[in-house]
Each structure stands twice: as structure tokens, then as C-alpha cells.
Amino acid sequence: MVEYEPIIGMEVHVELQTRSKMFCGCEVAFGGEPNTRCCPVCLGLPGSLPVINERAVELMARAALALNCTIASQCVFHRKNYYYPDLPKNYQISQYDYPLGVNGWVEILAGGKSKKIAIRRVHMEEDTGKLLHVAGNKSYIDYNRSGVPLMEIVTQNPPPEGLDQIESAEEAREYLQRLRQILLYLGVSDVKMEEGSMRCEPNVSIRPKGQTEFGVKTEIKNLNSFRAVYLGVDYELKRQERVLREGGTIVQETRRWDDERGVTASMRSKEFEQEYRYFPDPDLVPLRFTNDWITKLKADLPELPIPKMKRFMSDYGISLSDAEVLCDTREMADFYESCAKLAKDPKAVANWLTGEFLRLLNATGTTVAETKLTPANIAALLDLLDSGTINRNTAKSVFEEMFTTGKTPSEIVKEKGLEQVTDTAEIEAVVNRVLAANSNEVRRYRSGEVKLKSWFVGQVMRETKGKANPALVNELLERNLEE
Ligand SMILES: [Zn+2]
């Protein structure tokens, strides 16, 4: 039987987080009253002239550099001509043969293994308006999104030597998640798939293993979550294989993902690039970037997620899975690093942050930036635990109290009298009291029901309000019960 291999290309659009649009001063924001954030420029009225948003160019160049692209020494805006109601100008300002950045890559971890997915280009364009189709065959148009700065990131298949391509639905999802994470680290976009500030259109084909030419590809639209990207690509790969095995042929087309039914369905056959009649926009000058400008942008790049994860693993001895959780966002990574630098045991810090801290953040809907916990307080808490001043259970409740009130751990311990009881005589007195009050259980224990021991531990801990040193309780119980 013929074995097939998938070829997956990703076209990702990202809206930038600028204050104003790409070529006019209208405000960029999600939602709001339709058609309240537009002007003659973004509505494409005759005689209006676009002006390039410098901040948008800077943010896109920053992203292109973080994606390891070479910044073009000259880049040009083209008109991409087509008619559609969401595009009142009848052309979209985009880039064609002189894009902003070329030949980059994004590192992903595919099953723990590092791969560098080749990026062909990163280019600048403007977003279109939004069509709203409602019942009764009516459609409404909202031009608030017209002209929002948009960045397009396209992968390269086959990849150049030394780089990789996306080879499965899992890798497609991982690529997208990494891309999103990098863009969040850079602060260039809020990258919300559900709000459409990040949109992904994968193209998928398969070919018999060993064949060098590509199979016919289909493009998938309407993927509004990472899960949908995974399911849509997976479905399309399986569908194409079934068609070929049954002796059919793949049609080059755009297919729409139906989230409810879990299938793709044909939308339209693919239009060809030539039909857009690209030409340089005569209203916009070409851009030239100086080396100084590029060097400065490069120097301003933050440490990116995967390099940061690797450094945390080697600097602090934490596991890959902990590093993944801690480096999920830049805020969490910075918070962890501040704690790890103050605490004696960075691995213990990792446990507390990936466990209790995340649990409390989720339960209260708090962000890392909003938390009242400070790195100094976390380090101090771990010291109290380490020195035996409090036990582990108490530490958990102190942690929660610190999270809620922002008080220092020693304040909380003092206020609530939570110091661990490590005085042997004091604990032994409680042990004796418990044994005397429960002579029945003592008899049963002595006649072989040894599992009753944990019940005794529970009684002693209750009597001491959970403050007794558990190791000592165990030891004393054993000694007294064996008598
Ligand atoms: Zn405008």
C-alpha cells in the first residue's frame, strides 16, 4: 500500500496592537458600535491619501526579527485588486515582491524535540471590514476593522537546508501556539483567535512518500481556536488520503471548517494569484531601513520563550514541563525568576508556582501582574518551611493568605499562631490524651489493625490544629502504641 506524507503550510494573519490604523488616524479597538471608527482614508473615498503608521512598521519589523527574518533593505506597498463588499477601495494595500522580512524560522518543540519551522516571508498589509450575515438573507458591513495594521506570516515548503517543515496536525497547532506566545512576549498584538486578532489559514496536501512534487492543496478557513486548527488539519489530511485511496483526485479549493459537525466542506475553488493584478501603490513611498534602526530593534528584543525555557532548566535545574508552564507568559517567567533568585531552592519555587499559585490565579481570575504575592514573601515562606517553623499544610494556608492579603508570611504565622509544634513533650502529652480517650481503637491496633495508625495521626493533628510536626507525631504514636 502507498504511504502518504503530509505537506502543511501556514498562513497566519495578526492584527497589531497600535493606537491607530495602518494608514489613517482612526482608533484601533475590538468591537464597539459599527462604523464609528472610520474616515475617508479607511473607507477608501476618492481623493483621500494614506499615511504610513510608523509605529506599526516598527512593531512588524520587531516581530520579523524575532522570527529570525532578514529585514529587507527596501520594502514596497502594493495594491492587491479585488472586489468585495468588505473592501470599499476595491484594493487592499499589501506587499508583494518586496516584503518586510524574509527567510526566517520559528522554533517549536514537537514531542520534546526541537524543530525550526521555515518562514518564507513576513509582510505588512491592512485589514478589511467585517461582514455580518444575519437571518433573512441580510448582510451588514462594519468598517471599524478596515485599515487595521495586519501582519501576514507565511511558512516555506520545502524548507531550505537546516530548517524544517510542519508535518502533522499536532505540529501545526504547536507552531501556531509558539507563534502566538512569541508575539505576546514581544507585545506586538493581543493575538486573540476568538476575536480574530490572530487568524490562521493552513493549506494542506499529501503526496506518496518519496515523491518530490507536491500534491494538490486545499486551504482551510474558519478555524477560530487552536483546537479547531488541529482538528481541521487532521480532518483534511485524512479526507485527502481517503479520496486518493478510493482512486479520486483532490480539487484545489478553499474549504470551510464546520466546528459543530467536525468536517470541512468546499467553499469555492481557489482563485489564482495573478488575478489580483498587484502593482506598487503610487500613494505610498517605498521604505528603506538603516542598519542602525535594525540593530537597535534587534537589541530591544526580549529573550524568547524557548531559549528562556532552556536557560531556566540549566540555571535552576527545573524540568521541561515546569519550564513550559513557567515560561507560558513573560509575566510568569519574570515572576518566577525574581523568586528563584531570592529563594534557596529554585525547584521548590517552581513547584509552588506551578501548583498553588496557578490554582489560586485561576480560581480568582487574577493575573500575575495583579497578584499581591511578592517574590520576597514567597522566598520567606519557603525559609519558614525549610527551618521547620511551619509544616507543609500550614505553608499552604499561609500561601493562600499571602495571595489574598499581601501580608508577609511571618506576620500571618504570628497573627494566627501557626508555628509548628516541635516540642516532643507537648506532642507526647496530646498523643497520650488521644490514646487514653480511644482505648477501643488502641486495643484494635494492638491486635493487628495497624492501618488505624493514620486515624490516630489525624486525631493528634486535629488536637494540635494541624500545627504538630508530622514526622514527630508519627514517631511518638508508634512508640506509644507499641507499648
Ligand atoms: Zn480611518
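You'll find the structure just up there.
Throughout what follows, the structure given in this document is the object of discussion. Note on numbering: residues in each chain are counted from 1, in written sequence order. The model is predicted, so local features are restricted to residues of pLDDT at least 70 and side-chain atom pairs to those at 80 or more, both for listing and for counting; the totals for chains, interfaces and linings are taken over all residues. To get the side-chain values, take all heavy atoms of the structure and skip hydrogens and water.

## Topic: the coordination of the zinc ion
Move 1: Here the coordinating atoms are restricted to nitrogen, oxygen and sulfur within 2.8 Å of the metal centre, or 3.2 Å for Na, K and Ca, and because water is not among them the sites may look incomplete. Within the first shell, the zinc ion binds the protein through Cys24 (SG), Cys26 (SG), Cys39 (SG) and Cys42 (SG), at distances of 2.3 Å.
Move 2: In this structure, the zinc ion is coordinated by four donor atoms arranged in tetrahedral fashion, with angles at the metal of 101 to 116 degrees.
Move 3: Mapped onto the polypeptide sequence, the residues donating to the zinc ion form the spacing pattern C-x1-C-x12-C-x2-C. Placement of Cys24 in the loop between strand S1 (4-15) and helix H1 (54-66) and of Cys42 in the loop between S1 and H1 is noted, with a sequence separation of 18 residues between them.
Move 4: Buried, partly exposed and exposed residues are distinguished by accessible area as a fraction of the type maximum, computed with a 1.4 Å probe on protein chains only: under 20%, between the cut-offs, and over 50%, respectively. The buried category is assigned to Cys24, whose relative accessible area is 12%.
Move 5: For Cys42, a relative accessible area of 6% translates into the label buried. Geometry is assigned from the angles between donors: four donors with all angles from 85 to 135 degrees make a tetrahedral site, four or six donors whose opposite pairs exceed 155 degrees while the rest stay between 65 and 115 make square planar or octahedral sites respectively, and everything else is labelled irregular. In this text, helices come from DSSP runs of H or I with a minimum length of four residues, and strands from runs of E with a minimum of two, each type numbered from the N-terminal end.

## Some remarks on the pairing of strand S5 (residues 91-94)
Successive side chains on a regular strand alternate, one facing one side of the sheet and the next facing the other.
Move 1: Here S5 shows no split at all, with Tyr91 and Ile93 on one side and Gln92 and Ser94 on the other all buried.
Move 2: For two strands to pair, DSSP has to find at least two bridges joining them. Pairing geometry for strand S4 (residues 78-81) and S5, over four bridges, is antiparallel. Considered in S5, the bridge of His78 is made with Ser94.

## Considerations on the sheet that holds S4
Move 1: Strands sit in the order S5-S4-S15 across an open sheet of three strands; the sheet is antiparallel. With one partner strand each, in any of the chains shown, S5 and strand S15 (279-280) form the two edges of the open sheet.
Move 2: Pairing of S4 with S15, which is carried by two bridges, proceeds in the antiparallel orientation. Opposite Arg79, over in S15, you have Phe279 as the bridge partner.

## Quick word on the sheet that holds strand S11 (residues 198-208)
Move 1: Taken together, nine strands build an open sheet; the order of strands is S2-S6-S7-S10-S1-S11-S12-S13-S14 and the sheet is mixed. Sheet topology places strand S2 (70-71) and strand S14 (263-269) at the edges, where each strand pairs with a single neighbour.
Move 2: Inspection of the sheet shows S2 paired to strand S6 (residues 101-110) by two bridges, in the antiparallel sense. In the sheet register, Thr70 faces S6, and the bridge partner there is Val102.
Move 3: We call two residues in contact whenever any of their non-hydrogen atoms come within 4.5 Å of each other. To get an axis, fit a line to the C-alpha atoms, keeping to the stretch in contact for a helix; angles then go from 0 to 180 degrees between the N-to-C directions. Across the face of the sheet, helix H3 (residues 226-245) comes into contact with S1, S11, strand S12 (218-221), strand S13 (253-258) and S14 while running at roughly 25 degrees to S11.

## Observations concerning the pattern of salt bridges
Move 1: In what follows, salt bridge is the name for a side-chain nitrogen of Lys or Arg lying within 4 Å of a carboxyl oxygen of Asp or Glu. Overall, the coordinates contain 35 salt bridges when judged by the stated rule.
Move 2: With its nearest N and O atoms 3.6 Å apart, the salt bridge here joins Glu219 to Lys221.
Move 3: Accessibility expressed as a relative area gives 8% for Glu219, which makes it buried.

## Some thoughts on the pairing of strand S10 (residues 149-155)
Move 1: Within S10, seven of the seven residues are buried, which leaves it mostly tucked inside the rest of the structure.
Move 2: By the alternation rule, side chains of S10 split into Pro149, Met151, Ile153 and Thr155 and Leu150, Glu152 and Val154, which are all buried.
Move 3: Looking at chain direction, S1 and S10 are connected through five bridges and run antiparallel. From the neighbouring strand, His13 faces S10, where its bridge partner is Glu152.
Move 4: Here seven bridges tie strand S7 (residues 113-126) to S10, and the two strands are oriented antiparallel to one another. Within S10, the residue paired with Val122 across the bridge is Ile153.

## Re helix H12 (residues 424-437)
Move 1: The terminal C-alpha atoms of H12, which comprises 14 residues, lie 20 Å apart, in line with the 20 Å expected from a rise of 1.5 Å per residue.
Move 2: Buried positions along H12 lie against helix H13 (439-446), helix H14 (453-463) and helix H15 (470-482). The span you would expect from a helix comes to 1.5 Å times its residue count less one.

## Thoughts on the environment of Thr422
Move 1: Its location among the elements puts Thr422 in the loop between helix H11 (409-416) and H12.
Move 2: We classify Thr422 as partly exposed; its relative accessible area is 43%.
Move 3: Measuring from C-alpha to C-alpha, the distance between Thr422 and Val148 comes to 64 Å, with 274 residues separating the pair along the chain.
Move 4: Thr422 has contacts with Gly388, Ile427, Asn469 and Leu472, leaving out every residue within four places of it along the chain.

## A short note on the packing of H14 against H15
Move 1: Relative orientation of the contacting elements H14 and H15 amounts to 125 degrees, with a least axis distance of 10 Å. Comparing their axes, H15 and H14 come out oblique. Along this stretch, H14 crosses H15, giving a crossing that reads as right-handed. Residues Lys453, Phe456, Val457, Val460 and Met461 of H14 pack against Pro470, Val473, Asn474, Leu477, Glu478 and Leu481 of H15.
Move 2: Side-chain classes follow a simple rule in which Ala, Val, Leu, Ile, Met, Phe, Trp, Tyr, Cys and Pro form the nonpolar group, Asp, Glu, Lys and Arg form the charged group, and the remainder, Gly included, forms the polar group. Taken together, the residues of the contact of H14 with H15 break down into eight nonpolar, one polar and two charged. Here the angle decides the label: under 35 degrees means roughly parallel, over 145 means roughly antiparallel, 65 to 115 means roughly perpendicular, and every other value means oblique. Here a crossing is called left-handed whenever its near helix is offset anticlockwise from the far helix by less than a right angle, and right-handed whenever the offset is clockwise.

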